[in-house]
Amino acid sequence: MKNTISILLTVVLFFISCGNEGPEPINYNRDACEFCKMTISESRFAAQLITVKGRVYKFDDLQCLLQYDQTNKEVPVKNYYIANFSANKALIDAKSAYFVKSETLRSPMGGNVAAFAEQKTAAAYASKNQTDIVEWKDLNNTVQTEGGNKHDEMQHH
């Protein structure tokens with residue numbers, strides 16, 4: 001009997017420790033951005049970072065996620081998720097998303113980047129706004145150098 005309980009407990013603990021494999025739902029108009037502390041309200045621009053240990057950090061803008069990631073390099077990240085601009089409240093894996101940066105987007109913290117699950121949709125949006133698709137690996141430089149001071153401006157007002 002003790003062996004059965006011990007095995008059952010081990011199995012339960014294993015599944016609990018595995019945690020969620022996907023993104024955690026964001027409670028819009030209630031959850032606060034981990035970086036700028038503003039309430040997350042625009043579902044088209046929300047982002048999320050999940051650490052190797054399973055800790056979830058939520059952001060109101062990709063700009064905040066990237067700045068948090070830059071200033072907390074010691075935090076080992078398992079996954080990044082970003083809102084699919086064309087699908088209300090759906091979070092997609094950032095590494096497989098297609099990004100479009102345009103000043104016409106007017107995201108909460110000035111990152112002005114939209115993410116799309118499909119390349120065709122991103123290409124159409126980029127063409128309409130006379131810009132190009134940006135890849136995840138190139139986003140950090142693009143967003144940091146072009147909109148990186150928006151957070152500081154918001155904090156001082």
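1. Focus: the nonpolar core
Across soluble globular proteins, nonpolar side chains show a tendency to be buried alongside one another. Residues Phe59, Leu62, Leu65, Ile82, Phe99 and Trp136 are the most contacted members of the largest nonpolar core, which totals 32 residues. Those elements that provide at least two residues to this core are strand E1 (47–51), strand E2 (56–59), helix H2 (62–71), strand E3 (77–83), strand E4 (91–93), strand E6 (113–116) and helix H4 (136–147). Top contributing element to this core by residue count: H2, with 5 residues. Listed in part, the 9 residues of the second largest apolar core include Phe45, Phe85, Ala122 and Ala126.

2. So, the confidence of the model for the protein chain
Taken residue by residue, the protein chain gives an average pLDDT of 83. The fraction at 70 or more is 76%. Mean pLDDT across the elements of the protein chain bottoms out in helix H5 (residues 150–156) (37) and peaks in E2 (98). In this model residues 8–17 is a low-confidence stretch, pLDDT under 50, and it forms 0 contacts with partners more than four residues away in sequence or in other chains. Scored below 50 in pLDDT, residues 144–157 makes 21 contacts in the model with residues more than four places away or belonging to other chains.

3. Some details on unusual backbone geometry
Unlike most non-glycine residues, Lys37 shows phi in positive territory, near 70 degrees. Mapped onto the elements, Lys37 comes out in the loop between helix H1 (2–18) and E1. Of the residues examined, Lys37 reaches a relative accessible area of 56% and is grouped as exposed. Of note in this structure, Arg106 is not a glycine but carries a positive phi near 50 degrees. Following the sequence through the fold, Arg106 ends up in the loop between strand E5 (98–101) and E6.

4. So, the sheet that holds E3
Pairing within the open sheet is antiparallel, and its 4 strands lie in the order E2-E1-E3-E4. Sheet topology places E2 and E4 at the edges, where each strand pairs with a single neighbour. On average, adjacent strands in this sheet sit at an angle of 25 degrees to one another, irrespective of strand direction. Looking at chain direction, E1 and E3 are connected through 5 bridges and run antiparallel. Looking at the pairing, Gln48 lines up with Tyr81 of E3. This element, H2, spans E1, E2 and E3 of the sheet and lies at about 30 degrees to E1.

5. Some points on the side chain of Asp60
Among the structural elements, Asp60 can be located in the loop between E2 and H2. Comment: no salt bridge for buried Asp60; closest opposite-charge side chain is Lys37, at 11 Å.

6. Some points on the sheet that holds strand E7 (residues 133–134)
The sheet built from 3 strands is open, its strands ordered E6-E5-E7 with antiparallel pairing. Looking at the sheet topology across the chains shown, the edges are occupied by E6 and E7. Here E5 runs beside E6; their pairing, made up of 4 bridges, is antiparallel. Each residue of the ladder has a partner; that of Tyr98, found in E6, is Phe116. Helix H3 (residues 119–128) rests against E5, E6 and E7 of the sheet, and its axis sits at about 10 degrees to E5.

Scoring rules and cut-offs
Residues numbered from 1 in each chain as written. Predicted model: local features only at pLDDT ≥ 70, side-chain atom pairs only at ≥ 80, totals over all residues. Heavy atoms only, no water. Core = buried A, V, L, I, M, F, W, Y, C linked by side-chain atoms within 4.5 Å. Buried < 20%, exposed > 50% of the residue type's maximum accessible area, 1.4 Å probe, protein only. Helix = DSSP H or I, 4+ residues; strand = E, 2+ residues; numbered from the N terminus. pLDDT = per-residue confidence, 0-100. Contact = heavy atoms within 4.5 Å. Pairing = 2+ DSSP bridges. Axes fitted to C-alpha atoms, helices over the stretch in contact; angles between N-to-C directions. Lys, Arg positive; Asp, Glu negative; His and termini not counted. Salt bridge = Lys/Arg side-chain N within 4 Å of Asp/Glu carboxyl O.

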